[in-house]
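Fold and geometry: a report
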Amino acid sequence: MKSTLKARLPFTDVTLFTVAIIWALNFSVVKASLSEVDIYSFNSVRFILAAGLIWSIILWKDKKVYIPRSDWLPLLGVGLIGNVLYQWLFIVGIDLTLSANAAVMLGTIPIWIAIFSHLFTDEKMTSLKAIGVVLAFAGVAFIVSGGANPLSLASATFRGDLIIVCAAITWAVFTILSKGFLRRYSALHFSGIMTSIGAVLLTGMSFLSAETTQWELVSAGAWGGMIYSGALSIGLAYLIWNNGIVSVGPVKTSVYQNLVPVLGLLFGIVLLNESLSTLQYIGAAIVVTGIVMTRRG
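Residues numbered from 1 in each chain as written. Predicted model: local features only at pLDDT ≥ 70, side-chain atom pairs only at ≥ 80, totals over all residues. Heavy atoms only, no water.

When helices and strands are tallied, the protein shows 12 helices and 0 strands. Secondary structure of the protein in N-to-C order comes out as α-α-α-α-α-α-α-α-α-α-α-α. Total accessible area on the protein is roughly 14200 Å²; 71% of this is exposed by carbon and sulfur atoms. (Helix = DSSP H or I, 4+ residues; strand = E, 2+ residues; numbered from the N terminus. Areas by Shrake-Rupley, 256 points an atom, 1.4 Å probe, with all protein chains shown as cover.)

Set out below in structure tokens:
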């Protein structure tokens, strides 16, 4: 049994590192695709792809999913928070700011989870976590204030940064609310339910702006971005991540998420030619340090 587990670990580690790359690259992919596709249609297409992939696996493995009537409204509420409000904030925010900024800002999700867990659950912060939280907030302040444009609510980048921070807070709330459901549903089933809620509601929202996208002019690259963001960044990545939790445990799995803001920052600079000021580079380093300290705490 021990030899079998040891044989599985290297493959699991490789897949988790791959997920970190997929999520980090997703910031640049989304940013590039949004130059051709409106934000609502983009969200709709990628969630339809993600839900289709996950439900194909559910039907292949389990055939059916039972949802008690008493869970319908609570699941809908959680789905609205995590797969409608969060996705709307994420896509609007990344459209207004640099993908490098968005990668670092969204990397603060563990910080918000630590704060909300301390306030509303039995999981309290240690001294190391508290120091990490303070550092992360200091780093975010450096990034927001260190941009090339003057600090102003009228600045698109500044507004985008704030929206991405709101997205991180929203996802943290979603994560905490999801814990109760994950005691009753498998991670695969819960992911299928959540992506389905997102696909239906985000598709409904897409009708509000579908005419703004000239679909006949959308390039193969933009279609590839939607497929990448839906099938890989949401669908496949969720499945690999959940498998990592089962195979090597949540602590080791979560370590790989620390790579996302670092790689996302690099991809934004290399692939999209985005440039950050010295102050923003310092802020990004401080944020990543805060994230690592919070996780280790």
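Turning to the pattern of salt bridges, a few remarks are in order. Applying the stated rule across the entire model yields 1 salt bridge. A salt bridge links Asp71 to Arg184; the shortest N-O distance between them is 3.2 Å. Of this pair, Asp71 sits in the loop between helix H2 (39-61) and helix H3 (72-96) while Arg184 sits in the loop between helix H7 (156-181) and helix H8 (187-206), and the two are 113 residues apart along the sequence. Residue Asp71 is classed as buried on the basis of its relative accessible area of 8%. (Salt bridge = Lys/Arg side-chain N within 4 Å of Asp/Glu carboxyl O. Buried < 20%, exposed > 50% of the residue type's maximum accessible area, 1.4 Å probe, protein only.)

A few words on the environment of Ile269. Here Ile269 lies in helix H11 (residues 259-272). Here Ile269 falls in the partly exposed class, since its relative accessible area comes to 21%. The spatial distance from the C-alpha of Ile269 to the C-alpha of Ser99 is 8.5 Å, given a sequence separation of 170 residues. Excluding anything up to four places from it in sequence, Ile269 contacts Glu274, Leu276 and Tyr281. (Contact = heavy atoms within 4.5 Å.)

On to the packing of H3 against H8. Two elements in contact, H3 and H8, have axes whose closest approach is 9 Å; the angle formed by their N-to-C orientations is 60°. In terms of axis orientation, H3 runs oblique to H8. In this structure, H3 meets H8 at a crossing whose hand is right-handed. When H3 is examined against H8, the residues Leu75, Leu76, Val78, Gly79, Leu80, Asn83, Val84, Gln87 and Trp88 are found in contact with a partner set consisting of Phe190, Ile193, Met194, Ile197, Gly198, Leu201, Leu202 and Met205. When its residues are assigned to classes, the contact of H3 with H8 shows 13 nonpolar, 4 polar and no charged. (Axes fitted to C-alpha atoms, helices over the stretch in contact; angles between N-to-C directions. Parallel < 35°, antiparallel > 145°, perpendicular 65-115°, else oblique. Left-handed = near helix turned anticlockwise from the far one by under 90°. Nonpolar A, V, L, I, M, F, W, Y, C, P; charged D, E, K, R; others polar.)

Quick look at the packing of H2 against H8 now. Where H2 contacts H8, the two axes come as close as 8 Å, and the packing angle between them is 150°. On the basis of the axis angle, H2 is roughly antiparallel to H8. Crossing hand, H2 versus H8: left-handed. Looking at the contact of H2 with H8, its residues break down into 14 nonpolar, 11 polar and 1 charged.

The next thing to look at is helix H4 (residues 99-106). With 8 of 8 residues buried, H4 lies mostly within the body of the structure. Every buried residue of H4 is accounted for by Ser99, Ala100, Asn101, Ala102, Ala103, Val104, Met105 and Leu106.

Counting 71 residues, the largest nonpolar core has Phe27, Phe90, Ile91, Leu106, Phe190 and Met194 as the members making the most contacts within it. Beyond its immediate chain neighbours, meaning those up to four positions away, Ile91 contacts Val30, Leu34, Ile39, Phe42 and Asn43. (Core = buried A, V, L, I, M, F, W, Y, C linked by side-chain atoms within 4.5 Å.)

Below, the discussion takes up the layout of surface pockets. The space that makes up the second largest pocket amounts to roughly 210 Å³. Lining of the second largest pocket is provided by 10 residues; of these, Ile57, Lys61, Leu188, Leu239 and Asn242 occupy positions nearest its centre. Looking at the lining of the second largest pocket residue by residue, the class counts come to 6 nonpolar, 3 polar and 1 charged. (1 Å grid on protein atoms, 1.4 Å probe; cavity = no way out; pocket = protein on both sides within 12 Å on 5 of 7 lines; lining within 4 Å. Points joined across faces, edges and corners; volume = space filled by probe spheres on them.)

A few words on the confidence of the model for the protein. Considering every residue of the protein, the mean pLDDT works out to 83; 87% of them sit at 70 or more. Mean pLDDT across the elements of the protein bottoms out in helix H10 (residues 250-255) (59) and peaks in H3 (93). For the stretch residues 1-8, pLDDT sits under 50, and the model shows 2 contacts to residues farther than four places along the chain or on other chains. (pLDDT = per-residue confidence, 0-100.)

This part takes up the packing of aromatic side chains. A full pass over the atoms with the stated rule returns 9 aromatic pairs. Between Tyr86 and Phe90, the ring centres sit 6.1 Å apart and the planes meet at 20°, which makes this aromatic pair stacked. Of the two residues, Tyr86 and Phe90 are both situated in helix H3; the distance of 4 residues between them amounts to about one turn of the helix. Take Tyr86 and Phe90: they sit in the same class, and that class is buried. With 4.7 Å between their ring centres and 45° between their planes, Trp171 and Phe174 make a pair best called tilted. (Phe/Tyr/Trp six-rings, centres within 6.5 Å; stacked < 30°, edge-to-face > 60°.)

For H11, spanning 14 residues, the distance from its first C-alpha to its last is 19 Å, which sits close to the expected 20 Å at 1.5 Å a residue. Remark: Asn273 follows H11 within two positions and exhibits a positive phi of approximately 55°. (Expected span 1.5 Å × (residues − 1).)

With that settled, the discussion passes to a nonpolar patch on the surface. A cluster of nonpolar side chains, Leu73, Leu76 and Leu80, forms an exposed patch at the surface whose accessible area comes to about 280 Å². Tracing the backbone shows Leu76 in helix H3. (Patch = residues over 30% accessible without salt bridge, like charges linked within 9 Å, V, L, I, M, F, W, Y side chains within 5 Å.)

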